[in-house]
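A structural walkthrough
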Amino acid sequence: MTKVSMTVNGKAASGDAEGRTLLSSFLREELGFTGTHVGCDTSQCGACVVHVNGVAVKSCTMLAVEAEGAEVATIEGQAAPDGTLNTIQQAFQDHHGLQCGFCTPGMVMSTAALLKENPKPSEQEIREYLEGNICRCTGYHNIVKAIMAASGQDVSAIAAE
Amino acid sequence: MPKDTGIGASPKRREDVRFLTGTGNYTDDINLNGQAYVHFLRSDMAHARINSIDTAAASAMPGVVRIFTGADFEGVGGIPCGWQITDKHGEAMQEPAHPVLAQGKARYVGDAIAAVVADTAEQARDAAEAIELDMEELPAVIDMKAAVQEGATKVHDDLTSNLCYDWGFVEENKPAVEEAFANAAHVTTLELVNNRLVANPMEPRVAVGDFNRATGDSTLYTTSQNPHVIRLLMGAFVLGIPEHKLRVIAPDVGGGFGTKIFHYAEEAFCTFAAKALNRAVKWTSSRSEAFISDAHGRDHVSTIQLALDADNNFTALRTDTYANMGAYLSTFAPSVPTWLHGTLMAGNYKTPLIYVNVKAVFTNTVPVDAYRGAGRPEATYQLERVIDKAARELGVDPVALRRQNFITEFPYATPVAVEYDTGDYNATMDKLEEIADISGFAARRAASEAKGKVRGLGVNCYIEACGIAPSNLVGQLGARAGLYESATVRVNATGGLVVMTGSHSHGQGHETSFPQVIAEMIGIDESMVEIVHGDTANTPMGMGTYGSRSLAVGGSAMVRATEKIIAKAKKIAAHILEASDADIELKDGQFSVAGTDKSLAWGDVTLAAYVPHNYPLEDIEPGLEETAFYDPANFTYPSGAYACEVELDPETGKVSIERFAAADDFGNVVNPMIVEGQVHGGIGQGIGQALLEAAVYNDEGQLLSASYMDYAMPRADDLPFYQVDHSCQTPCTHNPLGVKGCGEAGAIGSPPAVVNAVVDALQSMGKDITHVDMPLSPARVWSAMHE
Ligand code: FES
Ligand code: FES
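Residues numbered from 1 in each chain as written. Chains lettered and ligands numbered in written order. Predicted model: local features only at pLDDT ≥ 70, side-chain atom pairs only at ≥ 80, totals over all residues. Heavy atoms only, no water.

A word on the interface of chain B and chain A
Contacts between the two partners involve 55 residues from chain B, matched on the other side by 53 residues from chain A. Between chain B and chain A, a total of about 4,600 Å² is buried, with carbon and sulfur atoms accounting for 56% of that surface. Seen at the junction of chain B and chain A, the total is four salt bridges. The partner of B:Asp29 in a salt bridge is A:Arg28, with the nearest N and O atoms 2.7 Å apart. Summed over the shared surface of chain B and chain A, the result is 26 residue pairs in polar contact (both at pLDDT 80 or more). (Contact = heavy atoms within 4.5 Å. Buried area = accessible area lost by both parts, 1.4 Å probe. Salt bridge = Lys/Arg side-chain N within 4 Å of Asp/Glu carboxyl O. Polar contact = N/O pair within 3.5 Å; in protein donor to acceptor, adjacent residues only side chain to side chain.)

Focus: the domain arrangement of chain A
All names here are of chain A. On domain assignment, one finds that chain A holds domain 1 (2-77) and domain 2 (87-150). One C-alpha centre belongs to domain 1, the other to domain 2, and the line joining them spans 21 Å. Here domain 1 and domain 2 share an interface that buries about 1,100 Å² over both sides, 63% of which is from carbon and sulfur atoms. When residues of domain 1 are sorted by the area they lose upon contact with domain 2, His-37, His-51 and Ile-75 head the list and together hold 39% of the total. Across the contact surface, domain 1 and domain 2 share seven residue pairs in polar contact (both at pLDDT 80 or more). Among the elements of the structure, strand E3 (49-52) and strand E4 (55-58) are those that each provide at least two residues to the side of domain 1 that touches domain 2. At three residues, E3 tops the list of elements feeding residues into the side of domain 1 that touches domain 2. Tallied by class, the residues present in the side of domain 1 that touches domain 2 amount to eight nonpolar, eight polar and one charged. (Domains from an automatic or database assignment. Helix = DSSP H or I, 4+ residues; strand = E, 2+ residues; numbered from the N terminus. Nonpolar A, V, L, I, M, F, W, Y, C, P; charged D, E, K, R; others polar.)

A short note on helix H5 (residues 140-150) of chain A
For an α-helix, the turn length of 3.6 residues means that residues three or four places apart are oriented alike. Within H5(A), ten of the eleven residues are buried, which leaves the element mostly enclosed by the surrounding structure. Taken together, the buried positions of H5(A) are occupied by A:Tyr140, A:His141, A:Asn142, A:Ile143, A:Val144, A:Lys145, A:Ala146, A:Ile147, A:Met148 and A:Ala150. In this fold, the buried residues of H5(A) make contact with helix H2 (87-94), helix H3 (104-117) and helix H4 (123-129) of chain A together with helix H17 (672-692) of chain B. With its phi angle positive at about 80 degrees, A:Gly152 sits one or two positions after the end of H5(A). (Buried < 20%, exposed > 50% of the residue type's maximum accessible area, 1.4 Å probe, protein only.)

Describing the pattern of salt bridges
Residue and element names in this part refer to chain B. Under the criterion given, the structure shown has 47 salt bridges over all chains. Across the pair Asp-252 and Arg-18 runs a salt bridge whose closest N-O atoms are separated by 2.7 Å. Of this pair, Asp-252 sits in the loop between strand E12 (246-249) and helix H7 (265-277) while Arg-18 sits in helix H1 (residues 16-20), and the two are 234 residues apart along the sequence. For Asp-252, a relative accessible area of 11% puts it in the buried group. Overall, the relative accessible area of 22% leaves Arg-18 in the partly exposed class. Via salt bridges that share partners, Asp-437, Arg-444, Lys-451, Arg-455, Glu-645, Glu-647 and Arg-659 belong to a single interconnected network.

So, the sheet that holds strand E6 (residues 132-137) of chain B
Residue and element names in this part refer to chain B. Across the sheet, which stays open at both edges, the three strands sit in the order E4-E2-E6 with antiparallel pairing between neighbours. Each of the sheet's edge strands pairs with one partner strand only, and the pair in question is strand E4 (105-106) and E6. Two strands pair when backbone bridges link them, and strand E2 (residues 48-54) and E4 are joined in this way by two bridges, in the antiparallel orientation. The residue bridging Ala-48 from the neighbouring strand is Ala-106, located in E4. (Pairing = 2+ DSSP bridges.)

Examining unusual backbone geometry
All names here are of chain B. Following Phe-410, the chain continues into Pro-411 via a peptide bond in cis, with omega recorded as -5 degrees. Examined against the element boundaries, Pro-411 turns out to sit in the loop between helix H10 (398-405) and strand E18 (412-413). Ala-469 connects to Pro-470 through a cis peptide bond whose omega is -10 degrees. Examined against the element boundaries, Pro-470 turns out to sit in the loop between strand E20 (454-463) and helix H13 (471-476).

Thoughts on the packing of H2(A) against H3(A)
All names here are of chain A. The interhelical angle for the contact between H2 and H3, taken along N-to-C directions, is 125 degrees, at an axis separation of 10 Å. Between H2 and H3, the angle falls in the class oblique. Pair H2 / H3 crosses with right-handed handedness. Residues Ile-88, Gln-89 and Phe-92 of H2 lie in contact with H3, whose contacting residues are Met-107, Val-108, Thr-111, Ala-112 and Leu-115. (Axes fitted to C-alpha atoms, helices over the stretch in contact; angles between N-to-C directions. Parallel < 35°, antiparallel > 145°, perpendicular 65-115°, else oblique. Left-handed = near helix turned anticlockwise from the far one by under 90°.)

As for the sheet that holds strand E15 (residues 300-308) of chain B
Strands belonging to one sheet form pairs held by backbone hydrogen bonds; the direction of such a pair is parallel or antiparallel. All names here are of chain B. Pairing in this open sheet of five strands is mixed, and the strands run E7-E17-E16-E15-E8 from one edge to the other. Sheet topology places strand E7 (163-169) and strand E8 (186-194) at the edges, where each strand pairs with a single neighbour. Averaged over all adjacent pairs, the angle separating strand axes in this sheet is 10 degrees, with direction ignored. The pairing of E7 with strand E17 (residues 353-362) spans six bridges and is antiparallel. Note that in E17 the partner of Gly-168 across the bridge is Asn-357. Contacting E8, E15 and strand E16 (314-326), helix H9 (residues 376-394) crosses the sheet at an angle of about 140 degrees to E8.

Here we look at the domain arrangement of chain B
All names here are of chain B. Domain assignment breaks chain B into domain 1 (31-138 + 205-284), domain 2 (296-469 + 634-785) and domain 3 (484-630). When each unit is reduced to the centre of its C-alpha atoms, the spacing between domain 1 and domain 3 is 40 Å. Across the boundary between the two partners, domain 1 contributes 18 residues, which contact 14 residues of domain 3. For the pair domain 1 and domain 3, the summed buried area comes to about 1,300 Å², and 56% of that belongs to carbon and sulfur atoms. In terms of surface lost to domain 3, no three residues of domain 1 exceed Gln-225, His-228 and Arg-247, which account for 42% of the buried area on that side. Put simply, domain 1 and domain 3 have one salt bridge between them. Of the charged contacts, one joins Asp-535 and Arg-247 as a salt bridge, the two residues approaching to 2.6 Å between their closest N and O atoms. Between the two partners, domain 1 and domain 3, sit nine residue pairs in polar contact (both at pLDDT 80 or more).

Digging into the pairing of E4(A)
All names here are of chain A. Judged from the four bridges that link them, E3 and E4 form a sheet pairing that is antiparallel. In the strand pairing of E4, Val-50 is matched with Val-57. Adjacent in sequence and paired antiparallel, E3 and E4 are bridged by two residues, among which Asn-53 carries a positive phi angle near 50 degrees.

Remarks on empty space enclosed by the protein
Residue and element names in this part refer to chain B. A complete count under the given rule lists four cavities of 30 Å³ or more for this structure. Roughly 790 Å³ of internal volume is contained in the largest cavity. What lines the largest cavity is a set of 49 residues, among which Thr-545, Tyr-546, Gly-547, Ser-548 and Arg-549 lie closest to the centre. Sorting the residues of the lining of the largest cavity by element identifies helix H14 (510-522), helix H15 (550-577) and H17 as the ones contributing at least two each. In terms of residue class, the lining of the largest cavity is made up of 22 nonpolar, 22 polar and five charged. Lining the second largest cavity are 21 residues, and of these His-98, Tyr-108, Tyr-264, Ala-265 and Glu-266 sit closest to its centre. In terms of residue class, the lining of the second largest cavity is made up of 13 nonpolar, five polar and three charged. (1 Å grid on protein atoms, 1.4 Å probe; cavity = no way out; pocket = protein on both sides within 12 Å on 5 of 7 lines; lining within 4 Å. Points joined across faces, edges and corners; volume = space filled by probe spheres on them.)

The structure is reproduced here in structure tokens:
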């Protein structure tokens, strides 16, 4: 066991990890950030996406020890301290971009990364960017629409949610 | 004007806030003090005799608490099957024993042989690797038709063969159907495969068993669509724990799609082990494990035939289907290819004579059970494909052929034992032609051609049967359960309500839509209503959520309980207002005496119920809480018409979905936003089945598509925006809300639309191709083009 320390959502956090402990399990089990979900074991589903030093990362593909000293952002830190949803979260609620909610943390974190690099992505760009995020409720229609809305695009011409 | 509250409004979902902020409470988020972890050692052979299991070395590994094998479960019940089919000779189906851990033999890759409980998940996994297994590999039976040949290796030595049942429906119709075929002007025949799928909810299954030595109570936290069903099946049939000593909690559940209906061995194991060890025991499935231990779906091989007269009227239909059961009978497996499939073979058409034969077969594969639609997609796919083929053979327009044969008068008793209450199939087809812009297809086809692509259009209809009921009928059909739903409505002193429902939400948004119904009935704000579900300790015995039944059955129970509340509240109001009950009206949350200006607010009456100072105590009890169990008189029958346009790349065989439109009739709609989301999801899964997904076994019984690298899940860039419409509404006549159910429609209606479209595209290239089996991968389409 090694002691691993990092900053999660702006606050110092530390815990014990084996060499093989994944960042996803470290966040969930050791630090209690259970909003990060694990939906697969082949780095395909994206339920586990967090940001490490500002970059979107599938936390199941990174060892906890590799995140030593890093700035980690998870879904728990996305809303304002008073609970107000951020623009992306609000757009997902407004456009019914989630059903069971299991893929949602990863979707929101991926969207945040997408909009940082491409503030007004086209429908096609969004669909391609979400290649690594699977939603089995298969609500992509509303997810894509929510992301377009979150980036300030007019979605009124797209069939109603 | 769209409404902003009550029935027909689309308030934002209240459950979203917790899911969007990472504060949901899924089963894997639950950790109990001192819990141990279990890892299941699973067979890597499809069929093998277990000669010995040596756990000595593994038991000495760090952190190991105890290792269990099949021997520990002798004397414990097996996993029960909830539905018994009677075959065409009047005999009961063959029903093999289904032990919690394998005994004597492993029967599929994934069959659990031993369970290691350790202090950490890693220690349990490490120790499982140190178990020494002496297994003797046996020939595996994978192909269904081979499995029922004389002399085939048997999956279960104590059964007479691998045939679970040979079902004929309606057996008495068979001679008349044969005669109609003999006299037909035209017969269309189609052989097709309904591909085996893995449901794949994004949340893998999890079970946490707990035992309280002080009280002797067991608790199971599990990823279930129906906690009461698990409590009854596991408590009564497996572990012998009476319901009052067993609590089952299914908290936030990350999608189900059918595969979380069933009672699984892992649930029984964790509950059993927690008691044996006096310590909480947790199991979290990995995705790899889910592929080989969650019940799979579909996997039918069918030959369907349609007979038509000289005027193109459908005169008879028959289908022969082989349905894979896998190695054991999962909870509702036997009902899927029979009552959920045979009863739907009339579809939207007035075919007078129908005969359905289904042979259910055991193979050395994961058990197969209900997946979104369950039996109804299989029926719809056969029917809508064979009609399309018939239209092409006869040179008639496939939509016109359908319209000509539509059922137009309701109620309509089909030759396959069900009675449709309402529907208007021409209306949904008209709506579809409008929203899909069918008249613009020729121009779009030309535009595709100009780009070197080939465009095809596929149209089809579907009918669904939701809210399967009534219980006395399903009992006759072999169900070992009732199919009612329950609700307790508790009104608090200051007027707020809590509804404890037997329905379970795992993505459907009940916490938002159910309050809309109550708000409408009482005339109060939705925020005054809270929904409680998923815990057997605080909800009445309910059957849970599947088969698009929640609003039609669970919502109806809630309405009935609320009606009782309103009736009692009116009595209280009448007493206080010194009027007769019959003169009390409730509107906008106010009780008033008809024809007077005397009135009382909802909150005044509810307070009086709990502070009964001025109260008719001689007539009624204090308090305001009512329970109702609702057992529907019939199924509900949603229906619709779907259109898909594909573009095919003749160079590669790749199919892309360019347009998809769905016109559905769900009867009345409570929350259009949620309904449309359900349709989107169903269509996405249906397109996944049609183009991408397949659970593929090799001859040795290895599942080749056992991860997301090999099993192609639909992703955002596989799908377009859809056009969906639910404005055609023929309300259900026999439930109080007039609702029909919308959860499965998309998955039922979309696969034939996609395949019809691809066949249309291929034919437009001058290819004489009448069918390609799903999934329509580039390789399959390209091969079909070059045959
Ligand atoms: S859990 Fe990380 S990609 Fe699936
Ligand atoms: S909302 Fe359920 S998996 Fe995406």
